[in-house]
Amino acid sequence: VYRSVLASGRPVHDVQLSAAGRHWNVSCAPVRGPGGDLLGVSAVALDVTERERLLDAEREGRARADFLARAGVLLDETLDYEPTLRSVAAIAVPEIADWCGVSILDDTGGLQPVAAAHADPAQRRLGEELNRRWPQDRDADGRTRLLYTSDAADDLLCVDLGGRRIIKKKKQVQ
């Protein structure tokens, strides 16, 4: 920003800069001598990190509220729960989540996958394959729970909380 003002001789206002998790609003203006010669540049940098954090939180809150409103409309449209749950999963991704899976308890107490959505279709197919290869144990107490999480390294970790299986897949580094 500083160099562009030196080169052009014109002021630059409200440039957003970010580095190391901080955000600044920067304005620069040329400083001229009595004869109009360019002597230097004045700069004002305002730390707007907190404002950006609050704006991000507001955007996230608005996205959640919009999702809940849209999901409410879908849930009110029909009593046929399977297509409704598939629609809810589809609007969850990628608006508020990268992954959404919905399973319901069937008449035997087993979990039946009803809907799955993922921002990456290949990952969605991986989830479907995991469910196909290792279906929930119907002889369990009917309260089998499956936890899907992703850590900072983007590993996929699938843990059956009943202790029956643990699958970890490292995401390929490109």
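Source: prediction; values computed, not measured.

Re helix H4 (residues 121–133)
Helix length check: H4, at 13 residues, gives a terminal C-alpha distance of 18 Å against a target of 18 Å (1.5 Å per residue), a fit within 8%. Among all positions of H4, only Gln123, Gly127 and Leu130 are buried. Viewed end-on, H4 has its buried residues packed into an arc of 60 degrees, placing them on one side of the element. Those residues of H4 that are exposed and aimed more than 90 degrees away from the buried face are Arg125, Arg132 and Arg133. For H4, the N-terminal capping position is held by Asp120, with its side-chain oxygen 3.0 Å away from the main-chain nitrogen of Ala122.

With respect to the pairing of strand S2 (residues 22–32)
When strand S1 (residues 12–19) meets S2, the two strands line up antiparallel, connected through six bridges. By the bridge assignment, Val15 is partnered in S2 with Val26. Connecting S1 to the antiparallel partner S2 that follows it, the hairpin turn spans two residues, and Ala20 within it adopts a positive phi of roughly 50 degrees. Where S2 hands over to strand S3 (residues 38–47), the hairpin turn is made up of five residues, of which Gly36 adopts a positive phi near 90 degrees.

What to know about unusual backbone geometry
One non-glycine residue with positive phi stands out, namely Asp14, at about 55 degrees. Following the sequence through the fold, Asp14 ends up in strand S1. The exposed category is assigned to Asp14, whose relative accessible area is 52%.

Considerations on the pairing of S3
For a regular strand, side chains alternate in direction, first toward one face of the sheet and then toward the other. Here nine bridges tie S2 to S3, and the two strands are oriented antiparallel to one another. Across the sheet, residue Ser27 finds its bridge partner in S3, namely Val44.

Here's the deal with a nonpolar patch on the surface
Taken together, the side chains of Tyr2, Leu6 and Leu38 make up a nonpolar region of the molecular surface, amounting to roughly 260 Å² of accessible area. Along the polypeptide, Tyr2 turns up in helix H1 (residues 2–8). On the basis of relative accessible area, Tyr2 is assigned to the partly exposed category, the value being 45%.

Conventions and cut-offs
- Residues numbered from 1 in each chain as written.
- Predicted model: local features only at pLDDT ≥ 70, side-chain atom pairs only at ≥ 80, totals over all residues.
- Heavy atoms only, no water.
- Helix = DSSP H or I, 4+ residues; strand = E, 2+ residues; numbered from the N terminus.
- Expected span 1.5 Å × (residues − 1).
- Buried < 20%, exposed > 50% of the residue type's maximum accessible area, 1.4 Å probe, protein only.
- Arc of directions from axis to C-beta.
- Polar contact = N/O pair within 3.5 Å; in protein donor to acceptor, adjacent residues only side chain to side chain.
- Pairing = 2+ DSSP bridges.
- Patch = residues over 30% accessible without salt bridge, like charges linked within 9 Å, V, L, I, M, F, W, Y side chains within 5 Å.
- Areas by Shrake-Rupley, 256 points an atom, 1.4 Å probe, with all protein chains shown as cover.
- Salt bridge = Lys/Arg side-chain N within 4 Å of Asp/Glu carboxyl O.

Read these as layout, nothing more, since geometry by itself doesn't imply function.
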